[in-house]
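Remarks on the overall topology
Each chain, written out:
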Amino acid sequence: MGNFGVGQSIRRVEDQRFLTGGGRYTDDISVPGQVYLYVLRSPHAHADIRGIDVAAAKTAPGVVRILVAADLAAIGTDFLPDGVLPPDKDRGKVKGPRRPVLAVDRVRYVGEPVAAIVAETLAQARDAAEMVEIDYSVRPVASSAIAAVAAGAPQLHPDQAPGNVLVHCQMGDLQATEAAFAQAARIVTIDLVNSRIAPTAMEPRGAIGEYDPKTDSYTLTQGNQGSHSMRDVLARAVLKVPPAQVRVISPDVGGGFGMKTFLFHEPVLCVVAAKLVGKPVKWIADRSESFLNDTHGRDQISHAALALDKDGHFLGLRVSSLGNVGAYLSLMGAAVQSMAGHPMMTGVYRIATAYADVKIVVTNTAPVDAYRGAGRPEASYLIERLVEKAARETGIPSSELRRRNFIRPEEFPYKTAFGKNFDSGRYAELMDKALQRGDAAGFPARRAEAKRRGKLRGLGISYYVEACAGFGTDQPRLSFDRDGRLTIHIGTQSNGQGHETVYAQIAADAFNIPIERISVRQGDTNDLPTGGGTGASRSIPVGGSAVKVSVVKMIEQGTAIAAELLETAPVDVTFVDGAFRVAGTDRTVSLQEVIVASFDDKQRPTAAAPGLLASEAFTPPDATFPNGCHVCEVEVDEATGETVILRYTIQDDLGLAMNPLLMAGQIYGGAVQGLGQALFEEAVYDSDGQLTTGSFNDYCMPRADNTPTFDFAYTEVPTPRNALGIKGAGEAGTVGATPAAVNAVLDALQPLGVTHLDMPLTPLKVWQAIHGAKTEAA
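Remember, it's a predicted structure, so these values are computed and weren't measured experimentally.

**Some thoughts on the overall build of the chain**
Across its full length, the chain holds 20 helices and 28 strands. Expressed as lengths along the three principal axes of its C-alpha atoms, the size of the chain is roughly 95 × 75 × 50 Å. The burial tally for the chain puts 59% of its 778 residues in the buried class. Of the contacts formed within the chain by residues at least 6 apart in sequence, a portion of 80% connects residues at least 24 apart.

This is the structure we're talking about:
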């Protein structure tokens, strides 16, 4: 292993570019002759459109074109791709309502696009938008899942979602679960709200659309999480052209968190308008637009029950949920609220039987889809809050209750009650390490000391497991040029994780070459025919494994060439420390000599193509299951309700570590986002469907002064499910953080009799709970 090989904590090679101003994001790009797009959005959460008058706006200075729904319908580009739906328990396979690019005859959420104005400048487009006259007839609103399923609620899509229920699905074994509950010595129940949050990526969404009439082809430049999937859905579902006629380019991406996976209205409008006006069309969201029309995350209401025997062993789990997907079905919105999350709700525990009943509900709010963790944070939050409550009700210490019910190391691979096939884990060992490092044994003394100062101190534990890296194929292309520089073309997409560094480390380790001799290229569908994109923590487990197997193939090719140069059989040649050696001798040729020979028709094997190159595919056989223990210690001020996190300890199993420094960064970032939901963030709609947290003045984000220094460590428990033994780290921190923080705050408040609060645990909400409990006690 060299200085830059696998397992080394090296800094990101791309940081030099970013820190010196060399990053290139969508808004940094301008195309000669470009014009600008502005989207006019609905101010109403639910209203009929009785008429749109654009006559005056068309005459405004600089206006090039104005588009409404009828214009898109005339050319057949009027709807976004259909979302994925699980089967309904009664109706079987169902089809959701179509999501228009521009509202047709009704708007269903504040911020829904209604018209698009193309002008020579953005200012001119904005001015013209104010001249568009729209006659709305306001309708009643259902702005929450509870309101949507209430008797007499206004119907958003009565044909596809009667009673505002898009689909009613079930998972698990109802009969066996009911039998387990009938035998239970104790049943513990909990009601939870998993609050809605906004992704708030540092870089807002943007797009540049171009059209070439000579080739009848489109180019979309847009920061995204997978150019190939973006190309395919844009081409097939919207433009109705072969994917070969669409090129998608992703420059640098300033955060994605799931949201930038999906095709939205504005990129479609850019490429369609580019064809209609004959010029490149650019759009960049402002922050208000991002809050209104980016997909939101979470928004789930659940009732859960856990059956236990007399000794505290878990017998069964029963869950019923309402999942809010917003006004329309985004691509994976219903799947996140059902298939992605609920099968993980048994957590890390031996629960023999489980059952989940899920209703996917539509409301007059922005659509909801994947947000960092995509269903697994919701699952972890539910089971870890429920286990903590069971510990209080049984009097069994929460760590001991978990230990009694953990899946044991010798039981892997382990099939859960919901059918997930867990790969590996040493749960009790990791929990013990986390508790020791967090000095849980010394907590009672610290709590007593805090009490003397008038503070409430609490300790919260969560043990999470998540499923990731279990889908899709990646097939990168690796090639050496004559001077020994290696280029890796790959179809995943970095949006801050450090892919350029880790892919280069994998190759540098295998070839024993300096990392600065390796270039990583991503984001352009013209460079590579396919790509799996970035999501569900798959990039390094799947994309990295594809790089690894391609490297192995290249070494095989090099071995054949080296055998020709050394005049021996390939079976007698080994590759060690950057050189090919005849076994048992000192005869060698360097990697560079083999690379040069690979371009020489006389020196390489007859059947070999020129150059040393490979493009091997890797498809994972199943998901990997990262897991770990979070221990959070907080102090709550009784007078103000403010929560301060004093210590935060994480002990993770993420498989083998490719780059511990970057892995830690992923865990820190994920944990901060989890703490953000637990303590600060919430996207709130009022009863009229207005987003009351539509700016950073109202939407509270975690900041450096209210997040802790993390004490992070990891235990390497390899997975057999990819070529690198790694499990994925991109979302793990988020999955574990929310229950740990909430459990800690509730532990602090427990002496006052406060046993339940829903996220976010803001100072006001905590203060109200404290003083409400004191009033009741008096």
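**Things to note about the pairing of strand 23 (residues 579-582)**
In this structure, strand 22 (residues 573-576) lies alongside strand 23, joined through four bridges in antiparallel fashion. The residue bridging Val576 from the neighbouring strand is Ala579, located in strand 23. Where strand 22 folds back on strand 23, the antiparallel hairpin that results is connected by two residues, among which Asp577 adopts a positive phi of roughly 55°. Direction of pairing for strand 23 relative to strand 24 (residues 588-590): antiparallel, over a ladder of three bridges. Residue pairing across strands places Phe580 opposite Val589, the latter belonging to strand 24. Taken together, strand 23 and the strand that follows it, strand 24, pair antiparallel across an intervening segment of five residues, in which Gly584 is found at a positive phi of about 80°.

**Overview of the sheet that holds strand 20 (residues 486-490)**
Taken in spatial order, the four strands of this open sheet run 21-20-19-25, and their pairing is mixed. The two strands at the open ends of the sheet, each matched to only one other strand, are strand 21 (518-522) and strand 25 (613-614). Strand direction decides the pairing type here: strand 20 and strand 21, joined by five bridges, are parallel. Following the sheet pairing, Leu486 is matched in strand 21 by Ile518. Contacts between helix 15 (residues 499-511) and the sheet are confined to strand 19 (477-480), strand 20 and strand 21, with strand 21 contributing the most and set at about 135° to the helix.

**Focus on a nonpolar patch on the surface**
The grouping of Val84, Leu331, Met332 and Met339 at the surface amounts to a nonpolar patch, some 270 Å² of accessible area in total. The topology assignment puts Leu331 in the loop between strand 14 (314-324) and helix 10 (333-336).

**Topic: empty space enclosed by the protein**
According to the stated counting rule, one finds four cavities of 30 Å³ or more in the structure shown. Taken together, Leu80, Pro81, Arg99, Val233, Phe262, Leu263, Leu329, Ser330 and Leu331 form the lining of the largest cavity.

**Things to note about the sheet that holds strand 28 (residues 710-714)**
On the basis of which strands lie adjacent, the open sheet formed by four strands has the order 18-26-27-28 and mixed pairing. The sheet is open, and its two borders are formed by strand 18 (455-465) and strand 28, each paired with just one other strand. The mean inter-strand angle of the sheet, taken between neighbouring strand axes irrespective of direction, is 10°.

**Some thoughts on the side chain of Glu378**
On the secondary structure map, Glu378 appears in helix 11 (residues 376-394). A relative accessible area of 3% places Glu378 in the buried class. The contact partners of Glu378, leaving out residues within four places of it in the chain, are Asn194, Arg298, Gln300 and Val336.

**Some words on the layout of surface pockets**
Quantified by volume, the second largest pocket comes out at close to 360 Å³. Surrounding the second largest pocket, 16 residues form its lining, Glu388, Pro397, Ser398, Ile461 and Asp747 being those nearest its centre. Looking at the lining of the second largest pocket residue by residue, the classes come out as nine nonpolar, three polar and four charged.

**Topic: the environment of Ala546**
Its place among the elements puts Ala546 in helix 16 (residues 539-566). Beyond its immediate sequence surroundings of up to four residues, Ala546 is in contact with Asp474, Pro476, Glu616 and Phe618.

**Details of the packing of aromatic side chains**
Counting across every chain of the model gives 18 aromatic pairs. Measuring from centroid to centroid gives 4.5 Å for Phe422 and Phe625, while their planes differ by 35°, and the two rings are tilted. Taken together, the positions of Phe422 in strand 17 (residues 421-422) and Phe625 in the loop between strand 25 and strand 26 (627-637) put the pair 203 residues apart, joining distant regions of the chain. By relative accessible area, Phe422 is classed as buried at 1%. Cluster of aromatic residues (ring-pair linked, three or more members): Phe314, Tyr349, Phe406, Phe412, Tyr427 and Tyr463. Over the face of the ring belonging to Phe264 we find Arg205, whose NZ or CZ atom lies 3.8 Å from the ring centre.

**What to know about the pattern of salt bridges**
In the structure shown here, the tally under the stated rule is 50 salt bridges. With its nearest N and O atoms 2.5 Å apart, the salt bridge here joins Asp524 to Arg247. On the criterion of sequence distance, the pair formed by Asp524 in the loop between strand 21 and helix 16 and Arg247 in strand 11 (residues 246-249) is long-range, its members being 277 residues apart. Overall, the relative accessible area of 12% leaves Asp524 in the buried class. Between Asp439 and Arg446 there is a salt bridge whose closest N-O contact spans 2.8 Å. Since its relative accessible area comes to 15%, Arg446 is described here as buried. Bridged by salt links that share partners, the residues Asp439, Arg446, Glu449, Arg453, Arg457, Glu633 and Glu635 form one connected network.

**Quick word on unusual backbone geometry**
Along the chain, Phe412 connects to Pro413 via a cis peptide bond; the corresponding omega equals -5°. One can find Pro413 in the loop between helix 12 (398-405) and strand 16 (414-415). Along the chain, Met759 connects to Pro760 via a cis peptide bond; the corresponding omega equals -5°. Here Pro760 lies in the loop between helix 19 (732-749) and helix 20 (763-777). Even without a glycine there, the phi angle at Asp216 is positive, about 50°. Of note, Asp216 is situated in the loop between strand 9 (206-212) and strand 10 (217-221). A positive phi angle, near 50°, is found at Ser537, a position not held by glycine. Here Ser537 shows up in the loop between strand 21 and helix 16.

Calculation notes
Residues numbered from 1 in each chain as written. Predicted model: local features only at pLDDT ≥ 70, side-chain atom pairs only at ≥ 80, totals over all residues. Heavy atoms only, no water. Helix = DSSP H or I, 4+ residues; strand = E, 2+ residues; numbered from the N terminus. Buried < 20%, exposed > 50% of the residue type's maximum accessible area, 1.4 Å probe, protein only. Contact = heavy atoms within 4.5 Å. Pairing = 2+ DSSP bridges. Axes fitted to C-alpha atoms, helices over the stretch in contact; angles between N-to-C directions. Patch = residues over 30% accessible without salt bridge, like charges linked within 9 Å, V, L, I, M, F, W, Y side chains within 5 Å. Areas by Shrake-Rupley, 256 points an atom, 1.4 Å probe, with all protein chains shown as cover. Salt bridge = Lys/Arg side-chain N within 4 Å of Asp/Glu carboxyl O. 1 Å grid on protein atoms, 1.4 Å probe; cavity = no way out; pocket = protein on both sides within 12 Å on 5 of 7 lines; lining within 4 Å. Points joined across faces, edges and corners; volume = space filled by probe spheres on them. Nonpolar A, V, L, I, M, F, W, Y, C, P; charged D, E, K, R; others polar. Phe/Tyr/Trp six-rings, centres within 6.5 Å; stacked < 30°, edge-to-face > 60°. Lys NZ or Arg CZ within 6 Å of the ring centre and 35° of its normal.

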